[in-house]
Amino acid sequence: MPGNFLATIRRAFSQKKTISSPFIRHTDVYKNIYVHLTIFYVVCAYFSFRSVDGLVLPANMRTPPNLFFFMQFYNPLIFKLGYWLTPILLVLAAAFPKVGWISRVSLISYIHWGALMVCSGITDNGIRPSIWMAIALLFLPFPRNPSSRLQRARFINIYWFAFLMLILSYVMAGFWKIGLGGIYQLFFDNWGIWNFQALTYVISEYLVKTGNKSWGALWVADHPLFGWPPYLFAIYLESTIFMVFFRPFLWKLYAFFILCMHIGTKLTLDIGFETQFLLAGLLMMTSPFYVRTTLKQSLAELPGIRFFIDRSGQGVGEGVGRQAKTP
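Quick caveat, the model's predicted, so the values are computed rather than measured.

### Quick look at the packing of helix 5 (residues 128-137) against helix 6 (residues 149-166)
Contact geometry of helix 5 with helix 6 gives a least axis separation of 7 Å together with a crossing angle of 165 degrees. Our classification of the angle between helix 5 and helix 6 gives roughly antiparallel. Considering how the two elements wind past one another, helix 5 and helix 6 form a crossing that is right-handed. Across from P129, S130, W132, M133, A136 and L137 in helix 5, the residues of helix 6 making contact are I158, Y159, F161, A162, F163, M165 and L166. Counted by class, the contact of helix 5 with helix 6 contains 12 nonpolar, one polar and no charged residues.

The structure is reproduced here in structure tokens:
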């Protein structure tokens with residue numbers, strides 16, 4: 001079963017066994033997921049509503065995704081209907097998050113809206129992670145009997161997987177930077193990310209391509225040593241967020257770091273990724289899987305940090321296990 005497989009994978013990557021797991025709190029997590037779904041629907045409705053007056057290209061200029069080839073035959077009225085219908089359906093889903101068929105219809109409409117945006121020449125990479133999550137949410141098994149522990153467990157596991165799809169873009173970006181900039185370019189291209197001017201090169205290349213200029217970009221270009229450590233830390237965040245996803249007590253801390261990274265990207269490259277900024281920040285900050293710990297305990301359990309911690313006596317995980325509180 002998909003739910004059992006996901007649970008096995010989750011346990012394999014999770015934190016120390018002594019740390020409290022939110023997945024044993026079926027009732028609390030199950031109820032909070034509906035709040036989480038409402039947040040997702042509202043944010044998606046907001047961004048889809050902003051496009052209701054979107055551009056409609058002529059048929060010969062449209063480049064729809066392969067699975068939506070039929071959009072080339074849409075007339076402008078169908079485009080407008082798709083733009084307007086999506087936020088309305090998402091608002092309905094936010095109002096009735098426990099009604100499965102409303103949820104699925106709104107998600108299909110949102111996925112269709114994403115294809116309409118691409119077809120209209122708008123290729124916003126910040127939208128794609130939310131589309132991936134929407135596709136995964138189509139398979140969410142809404143429990144017919146909410147009192148059934150087994151049905152709640154399946155619901156929780158599939159939602160957890162859908163949530164994982166939202167942060168998959170960070171994982172891919174982190175591994176790409178490590179593989180290309182950290183390994184390949186180390187031997188063939190001026191040390192790659194290990195060169196203290198790495199961020200300056202990235203910004204300069206982007207400015208040449210786009211012509212955009214911001215005070216942050218110009219400042220970093222003049223002070224490369226100040227921009228290099230945050231750049232390496234951003235790569236660390238992206239490349240380790242997959243492991244953190246199996247340690248829910250770190251989610252709020254990582255949400256804060258991710259928001260800071262997006263703000264830095266906006267100030268330097270003038271790339272907002274507004275959809276991803278809001279969704280990743282809000283959903284990780286309000287995660288139903290989150291387990292409360294102290295800041296010191298969270299920092300000690302960051303990927304790569306706890307490896308260097310002395311494990312003699314009481315380990316970090318044991319302290320977290322005793323002091324963690326359920327939300």
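### Some words on the environment of Y290
Positionally, Y290 belongs in the loop between helix 12 (274-285) and helix 13 (295-300). As for Y290 and L250, which are separated by 40 residues in sequence, their C-alpha atoms are 7.8 Å apart.

### A closer look at helix 10 (residues 224-244)
With 21 residues, helix 10 extends 29 Å from end C-alpha to end C-alpha; this agrees with the ideal 30 Å at 1.5 Å per step. Helix geometry: helix 10 is bent most strongly at E238, by close to 30 degrees. If you check which residues of helix 10 are buried, you get P224, G227, Y231, A234, I235, L237, E238, S239, T240, I241 and V244.

### Considering the confidence of the model for the chain
Averaged over all residues, the pLDDT of the chain is 79; the fraction at 70 or higher stands at 82%. A low-confidence stretch, residues 17-21 stays under pLDDT 50, and its non-local contacts, those more than four residues away or across chains, total 13 contacts. Throughout residues 310-327 the model reports pLDDT below 50, and contacts reaching past four residues in sequence, or to other chains, amount to 36 contacts.

### Let's talk about the side chain of S239
With respect to the helices, strands and loops of the structure, S239 is situated in helix 10. What makes S239 buried here is its relative accessible area of 17%. A polar contact is formed between the side chain of S239 and the backbone oxygen of Y236, at a distance of 3.3 Å. Excluding residues within four positions of it along the chain, S239 makes contact with G174, F175 and I178.

Parameters and conventions
Residues numbered from 1 in each chain as written. Predicted model: local features only at pLDDT ≥ 70, side-chain atom pairs only at ≥ 80, totals over all residues. Heavy atoms only, no water. Axes fitted to C-alpha atoms, helices over the stretch in contact; angles between N-to-C directions. Helix = DSSP H or I, 4+ residues; strand = E, 2+ residues; numbered from the N terminus. Parallel < 35°, antiparallel > 145°, perpendicular 65-115°, else oblique. Left-handed = near helix turned anticlockwise from the far one by under 90°. Contact = heavy atoms within 4.5 Å. Nonpolar A, V, L, I, M, F, W, Y, C, P; charged D, E, K, R; others polar. Expected span 1.5 Å × (residues − 1). Bend = angle between axes of the 7 residues up to and from the residue. Buried < 20%, exposed > 50% of the residue type's maximum accessible area, 1.4 Å probe, protein only. pLDDT = per-residue confidence, 0-100. Polar contact = N/O pair within 3.5 Å; in protein donor to acceptor, adjacent residues only side chain to side chain.

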